[in-house]
Amino acid sequence: MVLRVYNTLSRRKEVFNPIHGNRVYMFVCGPTTYDLSHLGHARTYVAYDIIARYLRYKGYSLFYVMNITDVDDKIIKRAESLGRDPLELAREYERYFYEDMAALGIESVNLFARASEHIPEIIDLVKVLIEKGYAYETETGVYYDITKFEDLGALSHQNPEELKKHRIEPDPTKRNPQDFALWKKRGPEELGWDSPWGRGRPGWHIEDTAITMCYFGPQYDIHGGAIELIFPHHEAEIAQAEAATGRKPLVKYWVHTGVLKVEGKKMSKSLGNFVTIREVLKKYEPEVLRFFFASSHYRSTIDFSEKKLEQAKRSLQTLRNALNSIRSLRPKPELEEDDRELEEKMLRCRENFIKAMDDDFNSPYALKALFEMANEVNRFVESHETINRETLKKVLEIFRELGGIFNILQKEEKTVDSKIVSDLVELIIELRQKFRKAKDWQTSDMIRARLKSLGIILEDKADRTTWRIESQSKKES
Ligand SMILES: [Zn+2]
């Protein structure tokens with residue numbers, strides 16, 4: 001099956017056809033490390049984690065690089081206000097960032113590249129841009145002359161007149177108000193490095209371009225980032241790289257994630273609806289948050305609310321319950337027609353899952369396929385007490401395999417659900433059945449209540465009793 005990816009550059013879904021055959025190079029704009037990461041970051045990085053996992057699932061050999069912006073005006077300002085060293089402050093927040101990513105189960109990035117560790121590459125790139133006539137030096141720094149680059153606006157689909165409305169940092173020494181800084185000259189009291197244009201530090205846009213050219217060369221497959229980075233940041237990256245190398249396009253597929261709102265409003269500190277990743281993870285399991293993000297398409301706007309997170313928690317539990325209930329069937333060696341049929345149904349659902357993901361990583365439709373699987377499993381459990389051993393293994397395996405793309409359903413769920421415990425629950429149910437037959441409702445109800453207090457829910461059906469583990473929410477530590 002063919003993978004199609006929506007390309008912001010062409011505004012169409014295109015067949016995914018990497019430049020170097022099976023090898024795929026992907027870059028995603030990383031954090032500026034001066035504050036804790038919030039839910040908007042989580043949404044973006046979970047989305048690219050899912051994309052990365054799916055590309056690897058499809059058999060691509062993916063090299064995924066993310067930059068760390070540790071040289072930036074915001075960091076320097078924050079450090080100044082705290083009386084701290086800016087690089088040291090940046091390191092501290094970088095550490096928090098990694099902690100958050102690990103907590104969210106984001107493990108797909110191969111390399112994190114710090115801007116401060118690529119200063120020589122940045123200087124070389126600025127030199128080339130000056131030599132080729134795209135950049136010029138003034139008393140305050142080195143700037144990119146945007147009138148020299150014809151394709152400006154191609155990614156954001158704006159014409160040059162519209163672009164003039166955006167003002168970047170005002171500076172009377174610049175040729176055009178929209179020219180952006182490649183190098184900022186700074187005095188010895190500020191963070192800086194020596195360069196042919198005196199002491200100073202790089203502009204933001206040039207950092208990422210130097211990093212991708214360093215690891216991927218002049219052209220690569222996927223560049224990701226949040227939608228608000230298209231202009232000016234990603235336009236600037238194209239202008240810098242394509243002018244310097246003379247090769248275009250810099251990036252074959254530009255992939256952008258949608259905005260995250262909180263209760264309908266843009267998240268901001270002043271509105272008091274700024275939610276950090278750590279805060280949410282105190283109350284909810286990481287899998288719930290990942291499930292919540294995956295239930296919207298990566299390009300759509302997500303409106304976050306606690307109510308929706310509760311819904312996500314319940315939906316995820318539905319999938320877990322299906323897995324638990326099939327595990328509670330008695331395995332047997334014989335392969336019957338019904339077992340075979342169940343296997344076939346699972347394979348059909350897997351096909352639907354892959355079809356959805358192949359269509360521009362349509363995760364909500366892929367989740368639908370997982371729920372179809374859960375329904376089939378539940379129907380099977382309703383009418384069977386036994387299952388072929390191999391069939392059971394295959395069913396669990398498919399759940400695990402597809403869940404792995406979202407990094408959900410990976411744990412042998414219920415910590416309680418070791419084989420011994422589930423055998424014990426079966427034994428208790430059998431004994432309770434005897435009390436029920438003897439109409440000793442008091443004892444039978446007591447057993448049910450005691451099990452419930454342990455998180456084990458019994459459901460009495462016409463002919464037998466089934467059980468499941470109650471949803472496990474993370475307890476505050
Ligand atoms: Zn970037």
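Residues numbered from 1 in each chain as written. Predicted model: local features only at pLDDT ≥ 70, side-chain atom pairs only at ≥ 80, totals over all residues.

A. Broad picture of the overall build of the protein chain. Within the protein chain one finds 15 helices and 18 strands. Taken over the C-alpha atoms alone, the protein chain extends approximately 95 × 50 × 35 Å along its principal axes. Counting the 477 residues in the protein chain, one finds 39% classified as buried. In the protein chain, 74% of the contacts between residues at least 6 apart in sequence involve partners at least 24 apart. (Helix = DSSP H or I, 4+ residues; strand = E, 2+ residues; numbered from the N terminus. Buried ≥ 20, exposed ≤ 12 C-beta atoms within 10 Å, placed from the backbone. Contact = placed C-beta atoms within 7 Å.)

B. Region of interest: the nonpolar core. In this structure, Met26, Ile50, Val126, Leu129, Tyr144 and Leu182 are the most contacted members of the largest nonpolar core, which totals 112 residues. For this core, the element with the highest residue contribution is helix 1 (residues 39-57), accounting for 11 residues. If near-sequence neighbours (up to four positions away) are discounted, tyrosine 144 is found in contact with Leu129, Tyr134, Ala135, Asp179, Phe180, Leu182, Ala239 and Gln240. (Core = buried A, V, L, I, M, F, W, Y, C linked by C-beta atoms within 7 Å.)

C. Region of interest: the domain arrangement of the protein chain. For the protein chain, the assigned domains are domain 1 (4-257) and domain 2 (414-477). Distance between the C-alpha centres of domain 1 and domain 2: 55 Å. (Domains from an automatic or database assignment.)

D. Main features of the packing of helix 2 (residues 73-82) against helix 3 (residues 86-103). Here helix 2 crosses helix 3 at 105°, and the two axes come no closer than 9 Å. Between helix 2 and helix 3, the angle is such that the two are roughly perpendicular. On the side of helix 2, the interface is formed by Ile75, Ile76, Arg78, Ala79 and Leu82, while helix 3 contributes Pro86, Leu89 and Ala90. Taken together, the residues that form the contact of helix 2 with helix 3 break down as seven nonpolar, no polar and one charged. (Axes fitted to C-alpha atoms, helices over the stretch in contact; angles between N-to-C directions. Parallel < 35°, antiparallel > 145°, perpendicular 65-115°, else oblique. Nonpolar A, V, L, I, M, F, W, Y, C, P; charged D, E, K, R; others polar.)

E. Representation of the sheet that holds strand 12 (residues 260-262). Judged by pairing direction, the sheet is mixed, and its three strands sit side by side in the order 13-12-14 without closing on themselves. Each end of this open sheet is capped by a strand with a single partner; those strands are strand 13 (265-266) and strand 14 (302-304). (Pairing = 2+ DSSP bridges.)

F. Spotlight on the packing of helix 9 (residues 286-294) against helix 10 (residues 306-327). At their nearest, the axes of helix 9 and helix 10 sit 9 Å apart, and the two run at 105° to each other. Regarding the angle of helix 9 to helix 10, the classification is roughly perpendicular. Along its contact with helix 9, which presents Glu287, Val288, Phe291 and Phe292, the element helix 10 presents Lys308, Leu309, Ala312, Lys313, Ser315 and Leu316. The residue makeup of the contact of helix 9 with helix 10, split by class, is six nonpolar, one polar and three charged.

G. Region of interest: the sheet that holds strand 8 (residues 180-185). Across the sheet, four strands lie side by side as 6-7-8-9; this open sheet has antiparallel pairing. Only two strands of the sheet have a single neighbouring strand rather than two, namely strand 6 (135-137) and strand 9 (200-202). For this sheet, the mean inter-axis angle between neighbouring strands, taken without regard to orientation, is 20°. Bridge count between strand 8 and strand 9: three bridges; the pairing is antiparallel. Paired with lysine 185 across the strands is glycine 200, a residue of strand 9. Each of strand 6, strand 7 (141-144), strand 8 and strand 9 is contacted by helix 4 (residues 119-131), which is oriented at about 100° to strand 6, the strand it contacts most.

H. Summary view of the pairing of strand 7. Side chains of strand 7 alternate between two faces, with Gly141 and Tyr143 and Val142 and Tyr144 buried alike. Linking strand 6 back to strand 7 in an antiparallel pair, the connection comprises three residues. Relative to strand 8, strand 7 runs antiparallel, the two being bridged by four bridges. Looking at strand 8, one finds that tyrosine 143 is bridged to alanine 181.

I. Structural detail: helix 10. Between the first and last C-alpha of helix 10 there are 31 Å, a value that for 22 residues agrees with the 32 Å anticipated at 1.5 Å per step. For helix 10, the full list of buried residues reads Ala312, Leu316, Gln317, Leu319, Arg320, Asn321, Ala322, Leu323, Asn324 and Ile326. Of the surrounding secondary structure, the elements contacted by the buried residues of helix 10 are helix 9, helix 12 (363-383), strand 16 (386-388), helix 13 (389-406) and strand 18 (465-469). (Expected span 1.5 Å × (residues − 1).)

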